[in-house]
Amino acid sequence: MYIALISIIIFICVLLVLVVLAQNPKGGGLSSQFGGSTSQLMGVKRTGDLLEKLTWGFAIALVILTLATHMVGNTGDSGVRSVNEERARQSQLPAAPAGALPGVTEDTTAAIPDAGDIPAMIDTAQ
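Residues numbered from 1 in each chain as written. Predicted model: local features only at pLDDT ≥ 70, side-chain atom pairs only at ≥ 80, totals over all residues. Heavy atoms only, no water.

## Side note on the environment of Gln-23
Counting through the fold element by element, Gln-23 comes out in the loop between helix 1 (2-22) and helix 2 (38-42). Judged by relative accessible area, which is 31%, Gln-23 ranks as partly exposed. In this structure, the C-alpha to C-alpha distance between Gln-23 and Leu-51, residues 28 residues apart in sequence, is 7.1 Å. (Helix = DSSP H or I, 4+ residues; strand = E, 2+ residues; numbered from the N terminus. Buried < 20%, exposed > 50% of the residue type's maximum accessible area, 1.4 Å probe, protein only.)

## Some words on helix 1
Count 3.6 residues to each turn of an α-helix, and residues three or four apart come out pointing the same way. In this model, helix 1 (21 residues) spans 30 Å end to end at C-alpha, consistent with the 30 Å of a helix rising 1.5 Å per residue. Every buried residue of helix 1 is accounted for by Leu-5, Ile-9, Ile-12, Leu-16 and Val-19. In an axial view of helix 1, the angular spread of the buried residues amounts to 90°, which keeps them on one side of the axis. Facing away from the buried side of helix 1 by more than 90 degrees, the exposed set consists of Ile-3, Ile-10, Phe-11 and Leu-21. (Expected span 1.5 Å × (residues − 1). Arc of directions from axis to C-beta.)

## Let's talk about the nonpolar core
In this structure, Leu-5, Ile-9, Ile-12, Leu-16, Val-19, Leu-51, Phe-58, Leu-62 and Leu-65 together form the largest nonpolar core, which totals nine residues. Contributing elements (two or more residues each) for this core: helix 1 and helix 3 (46-73). Broken down by element, the residue count for this core peaks at five residues, all from helix 1. In this structure, Ile-9 is in contact with Leu-62, Leu-65, Thr-66 and Thr-69, ignoring residues within four places of it in sequence. (Core = buried A, V, L, I, M, F, W, Y, C linked by side-chain atoms within 4.5 Å. Contact = heavy atoms within 4.5 Å.)

## Considerations on the UniProt feature "transmembrane region" (unreviewed entry) in the chain
When the UniProt feature table is mapped onto this chain, "transmembrane region" (unreviewed entry) is found at residues 54-72. Helix makes up 100% of residues 54-72 and strand makes up 0%, while its end C-alpha atoms are separated by 26 Å. (UniProt positions renumbered as here; feature names shortened; annotations may be inferred.)

Below, the structure is given as structure tokens:
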């Protein structure tokens, strides 16, 4: 069922792209290809309305089918729902060693080298 919904979504996406590309943002679009003033006589002026209705219909169908895939894909178990969540759980840091308890005081400060331990800078620009 899930695969069928995904294939229908892909088909609707292709149709939506084709319908949107057939429209002209200036209002001409497919109806202007049939000849300006004669298009009003022959009823081709309605092509813009049809393309607009198809755009809205495909967009609404796309949203509904996307939500349907979420409902079908949700099996109700408490398992991991995404690959990213699975990887995040697997890449968690390992537990602290048994000897490292919160009450134990260890010196964890970084050692700052003395001035004599720092090598002299060499000028390589010459």
